[in-house]
There are 2 protein chains.
Amino acid sequence: METMVKALIFDVFGTLVDWRSSIARESRLVLEPLGYKLDWDAFADAWRGRYQPTMEEVRSGRIPFSKLDTLHRINLDYILPRHDVKPLPEETLRHLNNAWHRLDAWPEVPEALRRLRKKFLLAPCSNGNIALMADLARRNDIWWDAILGSDVARDYKPKPIVYLASCDAFNLTPGEVMMVAAHSSDLAAAAEQGLKTGFIGRPNEHGPGKGETKPATKVDYAGSDLADLATQLSC
Amino acid sequence: METMVKALIFDVFGTLVDWRSSIARESRLVLEPLGYKLDWDAFADAWRGRYQPTMEEVRSGRIPFSKLDTLHRINLDYILPRHDVKPLPEETLRHLNNAWHRLDAWPEVPEALRRLRKKFLLAPCSNGNIALMADLARRNDIWWDAILGSDVARDYKPKPIVYLASCDAFNLTPGEVMMVAAHSSDLAAAAEQGLKTGFIGRPNEHGPGKGETKPATKVDYAGSDLADLATQLSC
């Protein structure tokens, strides 16, 4: 099967980057000097907690497609007063919203992607927008062949068009593309469209011991992390 | 002004890659073993000659957006019988059409892009589709931050949306983005939308001595080639 797969496409938040501790750190860097002492992990969870409901407004067609930076900002404006943060200058809000552009990769990711790149085309298939993905790639030294996902499909996962548009962008059939994610639901949706699937464990995504370690759906490969998956794919 | 520009976006066919001699070579590699002896440069010119008219079908709205690989194939099917080439197997036609994925960069381009990358976000803003751009980048060792252009805008240059969608994909205003091209018409269209412009000379694009050497429109920078432009931009 490996010889048939020509491209790997990746979920990013949680799978390749540690959004939770990065957002906690970046939020603290912005808000603590202004006198706020929050539970920064809880703040990160609250911000991320608005992610699915806000995307669902787009997926359902209730609002037109808007890039994820815009949705993150809607969610930030929602949670700040609920954490007793007083109105902030626009420049501060923009910098804080761009915390999502300053996420760190899980430690093994950059080197594992370098190994995988020798054999496969690589692209994110994330709900993150192009500018966000480009900044994360620069920060973490990731060489993508293209940035695919929500901005190209103009919709959000797990809608089928996002997986299918990513395959089509590479001129590949779904069977020639493997979706890699640490989330069983993402892989189940990709498999439904005919893509191959590679699960990797992220046991600490939502905090110590709070993350998927084993796939809860049928997958083609399952690795403990991305380096392990690369080894299984003979990279 | 340089400090304001945060991203460079590039025309590709003619500006970064030598489409004419590459298409002549690749067409010969496919057709000569089948017994055809054509004027390969003229064949390349004929194929490229159908480029603007076919894209105009999309720009005008007469046909829905189709990726450039599809338009190249329409044009190939049009010119082959006009060069007395008999019907070819589908696999051969696909390989021949993919000649556009096997174009060589002008010699100074890969190193000049490495220099520019240290200071700017870089992306193609080409009418070529994502798969085509990704293959050219692999072939010529080009590290893009994203692949922008027709597939993201779902229309073809010089329509304004293609330039504007490229700026928006990087979360930048047009004034923070410089369009780089060897074609004055491309730069004039970009400038019309507020982008900065960088011209580079390609005196041999259409054959020896047949190419633009000086901009025929007002530009912010004009270089003899991409290395010269990189030097002017202090890279």
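Per an unreviewed UniProt entry, chain A goes by the name (S)-2-haloacid dehalogenase and belongs to Variibacter gotjawalensis. Heading Function (unreviewed entry) of the UniProt record for chain A holds this comment: "Catalyzes the hydrolytic dehalogenation of small (S)-2-haloalkanoic acids to yield the corresponding (R)-2-hydroxyalkanoic acids." Check the Sequence similarities (unreviewed entry) section of the UniProt entry for chain A; it says "Belongs to the HAD-like hydrolase superfamily. S-2-haloalkanoic acid dehalogenase family."

A. Local environment of the relation of the copies chain A and chain B. Rotating chain A by 180° and moving it 0.0 Å along the rotation axis overlays it on chain B with an RMSD of 0.0 Å. On this basis, the relationship between the two copies can be described by a two-fold rotation axis. Taken together, the interface assignments show that 100% of the residues at the interface of chain A recur at the interface of chain B, consistent with an identical surface on both copies.

B. Fine view of the sheet that holds strand 1 (residues 7-10) of chain A. Residues and elements named next belong to chain A. With respect to topology, 6 strands assemble into an open sheet ordered 3-2-1-4-5-6, the strand pairing being parallel. One side of each edge strand has no neighbouring strand; the edge strands of this open sheet are strand 3 (148-149) and strand 6 (221-223). In terms of strand pairing, strand 1 meets strand 2 (residues 121-126) through 4 bridges, oriented parallel. Opposite Phe10, over in strand 2, you have Pro124 as the bridge partner.

C. Focus on the environment of Ser66 of chain A. Residues and elements named next belong to chain A. On the secondary structure map, Ser66 appears in the loop between helix 3 (51-59) and helix 4 (68-82). With 90 residues separating them along the chain, Ser66 and Tyr156 place their C-alpha atoms 9.8 Å apart. For Ser66, the contacting residues outside a window of four places in its chain are Val58, Leu71 and Tyr156.

What counts, and where the lines are drawn
- Residues numbered from 1 in each chain as written.
- Chains lettered and ligands numbered in written order.
- Predicted model: local features only at pLDDT ≥ 70, side-chain atom pairs only at ≥ 80, totals over all residues.
- Heavy atoms only, no water.
- UniProt positions renumbered as here; feature names shortened; annotations may be inferred.
- Least-squares fit on C-alpha atoms with pLDDT ≥ 70 in both.
- Contact = heavy atoms within 4.5 Å.
- Pairing = 2+ DSSP bridges.
- Helix = DSSP H or I, 4+ residues; strand = E, 2+ residues; numbered from the N terminus.

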